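# Close look at the chain arrangement
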Amino acid sequence: MKSKVNIKTVSYYATLGILVIFFLMPAYMAVVTALKQPGDITLPTSWDLPATLNWASFSEAFAMLRPNLVNSFILTICATAGSTILGSLNGYVFSKWKFKGSEIIFTLFLFGMFIPYQVILIPLFQTLRAMNLYGGLPGLILAHIVYGLPITSLIFRNFYAQIPDSLIESARLDGAGFFSVYLKLVFPLSIPGFVVTSLWQFTQIWNEFLWAITLTRHSENPITVGLANLAGGQAVSWNLPMAGSIMAALPVLCIYIFLGRYFIRGLLAGSVKE
Amino acid sequence: MAEVILENITKSFGKTEVVHNVSAHFHDGEFIVIVGPSGCGKSTVLRMIAGLEEVSGGNIKIGDKLVNNLEPKDRRIAMVFQNYALYPHMNVYNNMAYGLRLQKHSKVEIERRVQEAAQLLQLGEYLQRRPRQLSGGQRQRVAMGRALVRKPEVFLFDEPLSNLDAKLRHQMRVELKKMHKNLGTTMIYVTHDQVEAMTLADKIVVVNKGRIEQIGSPDEIYNAPASMFVAGFIGCPPMNFLPAQHSNGGLSLENGFIIPAKDLLIPSDTRQLIVGIRPEKIEFSHLQRESGWLEVDIDFIEKLGSGKLLYTTIGPQQLILSMANGDDRHITRGWIRFPAEALYFFSHQDGSLLKVKSS
C-alpha cells in the first residue's frame, strides 16, 4: 500500500519536473544569452553557460529601450486606470442601478469580450485616423480602454452582485445618491475587485504587441515593439534583445510575485459565504 | 410622528400583479404588524411605503403628504432590514452617523444623537467596532440605532428579528415594544411570524396573496377571524378545520359524528361548510361520556412544558387539542366535545366566515 503511494508520488513529481524544465527553457536561454559576450553567441554553443559574465548587456539594452519603457508605463498605467475605473462604474450600474434594457446592453458588452482584437485592427486604425489620434500614445490608450471595458465591466458586475441590495437601499434611505453610494460604499468595498481587474489589464496591455506596432509611430512605440526592433535587422547582437526581454518581463513578474495572492483572493472573493 | 394612509395601492412586476388594491389607514403612534406567509406581498407593501419600490397604482400618504413620487430619503422614514444592511467598512459610530452627515447636521448634533441612541441600545462600548466584530444581537441594535438617530416620523421594519436565535428574538421583541412605548412613533413591522404579530401589534394586517384578508387588533384577529386563512394563520397550534354537512339539528362530520347545534342559526341553504375550533377550546375527558361526546384515539402527545398537545384524527382530518398539564397518565384514548360557543363556521366555497347568530 505504502509503496504504491510512493510510486504514484514519484511519477507525479517526475512529470511535473519535466514540465517545469520545458517551461523554464526559454527563460534559461534568455538569461544565459543575455550574460554572454556578443562574440560568444553561436548556435552550437547556445545552451552553454557564459564563459564570462557580461552585465553590460543590461545597461546597453536599457539605454536603447528606455524611451520604449517610458512609453509602455504611460500607456499601461493610463489605460489600466481608465478601463478599471470605467469598468467599475459600469459594473455598479449593471448590478445595482438596473434600468430598462440594461441586461441587453450588458449582453452586448459581453460580445465585445469575444471579438479577437486582430479582427478589428483595420477599422480601429481607420477610426483613430479619422479622430486624428493615429500614431500617438493617446490613441492607443483610448483603444485599450474601450477594448478592456467588457472584461472589466463583467468582473466588477459580478463582484458587486455580492454586495447585498439592502446595503445600497439602506444608503439611499440615509440620503445617499448615485455617486455618494458609489464613492462611500461601493468603492471602498471593492478594493479587491480593483486589484484583480487592474492586474489583469496591466498584464494584457503591457504585453500587447500588434496594436502597438500598428497604431503608434516610432517615437511612441511601447516596449514590445522596441524589443522587436532590437531583434530585427541583419547582424543582431542577441545578448541585447535577451536582456531587454528580461527587463520587459520584470514589471509584470514583480506584480504577480507581490500581488499574486490578492489576485487569487480577488478571483475567489464571495465564492464562499462568510 | 405621522399617520400612514394606503389608498388602493397595487404593484405589478412586468405583467404579474403581486399587490392588489391594498387600502389601510394606520393612525399616528400605532404599532402596525403586517403578517402573512412568505411571498404574500407584505414586504413589497413595506418597500413601497419606504419608496424603494414604485407603486403601480394608488396613493401612499405619510402625514398629510402624498409621497408617491418622493425619494426614500425625503419621506421622513427609517427602515431596519432583515440582514441589518450595516456598512461593513464603517465602525458602529459611523454607521449611525452616516445618514446624519448626509443630512448636513452639525457635528455636535450628530455626536449627541449617536450617543443618545448608543445609550438607549447599550452600544456605548462598541462604537469603535466594525459590524463584523459584533454578535447578531448587537448588529441588530446597530441597525435599530441607525434608524433611531434619524428621528423619523415612521419606522419601518422588514422581518428584523428573523436572523436571531429564539431567545434573542424574544428579548429584542420586548425591547422593541418598550422602544415603541417610549417613542410613541408610528411603526410598521413586517413578519411571517404570527407570535411577533400577536405580541407586538396594536393593529394586525393579515395579508394573503397580495390582498388584505383582515385588519384588526390582535384580539379581534384571534377571536373573530374573517376567514379560514386568518383563523389558520394566527394562533399556534393553528385552528382545527373539519368539513361538515349541515342538517337539521346538527353538523355531521365525515366520520358520522354529529355535533349538536340546534340553537345555531346557520343559513338553511348552507349544506356543506367547514367547522373551525381552536385547539384549546376542545373539551377532553378520560372518562366515558354520553351523547355529544366523541370517542377518539390519541395518536401521540407533544409536551411543551407549560402544557401539552394531543394529536388525533377524525376521518382523514387531523385534530389537535391543547391541554394544561396535570394529568400525566399515558393517554391513548378519550372523549372530546366541541362546545357550540367555540365553533366557527366557514364557507365551503371561499373560506369566508359565515355569519351565525345564536338564538
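Residues numbered from 1 in each chain as written. Chains lettered and ligands numbered in written order. Predicted model: local features only at pLDDT ≥ 70, side-chain atom pairs only at ≥ 80, totals over all residues.

### Let's talk about the overall build of chain A
Worth spelling out the cut-off: Think of it this way: any DSSP run of H or I at least four residues long counts as a helix, any run of E at least two long counts as a strand, and we number them from the N terminus. Radius of gyration: over C-alpha atoms. The globule rule applied is 2.2 Å multiplied by the number of residues raised to the 0.38 power.
When helices and strands are tallied, chain A shows 11 helices and 0 strands. Secondary structure of chain A in N-to-C order comes out as α-α-α-α-α-α-α-α-α-α-α. Relative to a compact globule of 274 residues, whose C-alpha radius of gyration would be 19 Å, chain A shows 24 Å and is clearly more extended. Along the first, second and third principal axes, the C-alpha set of chain A runs to 75 × 70 × 30 Å.

### Re the overall build of chain B
Put simply, the rule is: Buried, partly exposed and exposed are defined by the number of other C-beta atoms within 10 Å of a residue's own C-beta, namely 20 or more, between the two limits, and 12 or fewer respectively, with C-beta atoms placed from the backbone. Whether two residues are in contact depends on their C-beta atoms, placed from the backbone: they are in contact if these lie within 7 Å.
Along the backbone of chain B there are 8 helices and 22 strands. Along the longest, intermediate and shortest principal axes, the C-alpha atoms of chain B span 80 × 50 × 35 Å. Residue burial in chain B is summarised as follows: out of 359 residues, 38% are buried. In chain B, 66% of the contacts between residues at least 6 apart in sequence involve partners at least 24 apart.

### Description of the sheet that holds strand β12 (residues 250-253) of chain B
Residue and element names in this part refer to chain B. The test is simple: Strand pairing is assigned whenever DSSP detects at least two bridges linking the two strands. Between N-to-C directions, angles span 0 to 180 degrees; the directions come from axes that are lines fitted to C-alpha atoms, helices contributing only their stretch in contact.
Reading across from one edge, β13-β12-β11-β15-β21 is the order of the 5 strands in this open sheet, with antiparallel pairing throughout. Edge positions in the sheet fall to β13 (258-260) and β21 (344-347), since each of these pairs with one other strand and no more. Strand-to-strand twist in this sheet, taken as the mean axis angle between neighbours without regard to direction, amounts to 40°. Pairing analysis gives 3 bridges linking β12 to β13, with the strands arranged antiparallel. Of the residues in β13, the one forming a bridge with L251 is I259.

### Section: the interface of chain B and chain A
Applied cut-off: Side-chain classes are defined by residue name, with Ala, Val, Leu, Ile, Met, Phe, Trp, Tyr, Cys and Pro counting as nonpolar, Asp, Glu, Lys and Arg as charged, and the others, Gly among them, as polar.
In this assembly, 16 residues from chain B lie in contact with 13 residues from chain A. Elements represented by at least two residues in the side of chain B that touches chain A include exactly β6 (77-80) and α2 (92-102) of chain B. The greatest single-element share of the side of chain B that touches chain A, amounting to 3 residues, is contributed by α2(B). Residues belonging to the side of chain B that touches chain A are distributed by class as follows: 11 nonpolar, 4 polar and 1 charged.

### What to know about the pairing of strand β11 (residues 240-247) of chain B
Residue and element names in this part refer to chain B. In β11, alternate side chains face the same way, and those of N240, L242, A244 and H246 are buried while those of F241, P243, Q245 and S247 on the opposite face are not. Here β11 runs beside strand β15 (residues 272-277); their pairing, made up of 6 bridges, is antiparallel. Along β15, the bridge assignment pairs A244 with L273. Sheet topology note: the β11/β12 ladder contains 4 bridges and is antiparallel. Paired with S247 across the two strands is G250, which belongs to β12.

### Focus: the packing of helix α3 (residues 102-113) of chain A against helix α5 (residues 137-161) of chain A
All names here are of chain A. The line we're drawing: An angle below 35 degrees is read as roughly parallel, one above 145 as roughly antiparallel, one from 65 to 115 as roughly perpendicular, and any other as oblique. Two helices cross in a left-handed way if the nearer one is turned anticlockwise from the farther one by less than a right angle. They cross in a right-handed way if the turn is clockwise.
Remark: α3 packs on α5, axes separated minimally by 7 Å, with the N-to-C direction vectors making an angle of 125°. By the angle between their directions, the pair α3 and α5 is classed as oblique. The element α3 and its partner α5 pack so that their crossing is left-handed. Contacts between α3 and α5 involve F109, L110, G112 and M113 from the former and L149, P150, I151, S153 and L154 from the latter. Here the contact of α3 with α5 is built from residues that sort into 7 nonpolar, 2 polar and no charged.

### Some words on the packing of helix α2 (residues 56-96) of chain A against α5(A)
Residue and element names in this part refer to chain A. Contact geometry for α2 and α5: axes closest at 6 Å, N-to-C directions at 35°. Crossing hand, α2 versus α5: right-handed. The residue inventory of the contact of α2 with α5, partitioned by class, reads 17 nonpolar, 13 polar and 2 charged.

### A short note on helix α3 (residues 107-120) of chain B
Residue and element names in this part refer to chain B. Keep this limit in mind: Here the expected length of a helix is defined as 1.5 Å per residue gap, with one fewer gap than residues. What the arc covers is the set of directions going from the helix axis to the C-beta atoms.
Here α3 contains 14 residues, and its C-alpha end-to-end distance of 20 Å stays within 8% of the 20 Å for a straight helix at 1.5 Å per residue. Of all the residues in α3, the buried ones are I110, V114, A117 and A118. On an axial view of α3, the arc spanned by its buried residues comes to 100°, and they lie on one face. Summarising the geometry of α3, the exposed residues directed more than 90 degrees from the buried face are V108 and Q119. Those residues of α3 hidden inside the fold are in contact with α2 and α4 (136-148). Downstream of α3 by a residue or two, Q122 has a phi angle that is positive, lying close to 55°.

### Regarding unusual backbone geometry
All names here are of chain B. Put simply, C236 and P237 share a cis peptide bond, and its omega is -5°. Relative to the assigned elements, P237 resides in the loop between α8 (228-233) and β11. Backbone geometry at N8 places phi at a positive 50°, although glycine is not the residue there. For N21, which is not a glycine, the phi torsion comes out positive at approximately 45°. If you trace the backbone, N21 turns up in strand β2 (residues 16-26).

### Topic: the sheet that holds strand β8 (residues 186-191) of chain B
Residue and element names in this part refer to chain B. Taken in spatial order, the 6 strands make up an open sheet running β6-β7-β8-β3-β9-β10, and their pairing is mixed. Only two strands of the sheet have a single partner each, and these edge strands are β6 and β10 (211-216). This sheet shows a mean twist of 15° between the axes of neighbouring strands, independent of strand direction. Pairing between strand β7 (residues 154-158) and β8: 5 bridges, direction parallel. Within β8, the position partnered with F157 by the bridge is Y189. Lying over the sheet, α4 contacts β6 and β7, oriented at roughly 175° with respect to β6.

### Re the nonpolar core
Short version of the rule: We call a set of buried Ala, Val, Leu, Ile, Met, Phe, Trp, Tyr and Cys residues a nonpolar core when their C-beta atoms link them within 7 Å. For the purposes of this description, domain bounds are those given by an automatic or database domain assignment.
Of all hydrophobic cores here, the largest spans 134 residues; its most connected members are I32(B), V33(B), I34(B), L156(B) and I188(B). Looking at this core, the element that brings in the most residues is α5(A), giving 11 residues. When residues are assigned to domains, this core turns out to be shared by domain 1 (4-232) and domain 2 (240-358) of chain B, each giving three or more. Apart from the residues lying within four places of it in its own chain, the contact partners of I34(B) are K42(B), V45(B), L46(B), I188(B), V190(B), V205(B) and V207(B). If you look at the next biggest cluster of nonpolar residues, it comprises 11 residues, including A61(A), I223(A), M242(A) and A248(A).

### What to know about the domain arrangement of chain B
All names here are of chain B. On domain assignment, one finds that chain B holds domain 1 (4-232) and domain 2 (240-358). Centre-to-centre, using C-alpha coordinates, domain 1 lies 39 Å away from domain 2. Opposite the 7 residues of domain 1 that make contact, domain 2 presents 8 residues. Residue classes in the side of domain 1 that touches domain 2 are distributed as 5 nonpolar, 2 polar and no charged.

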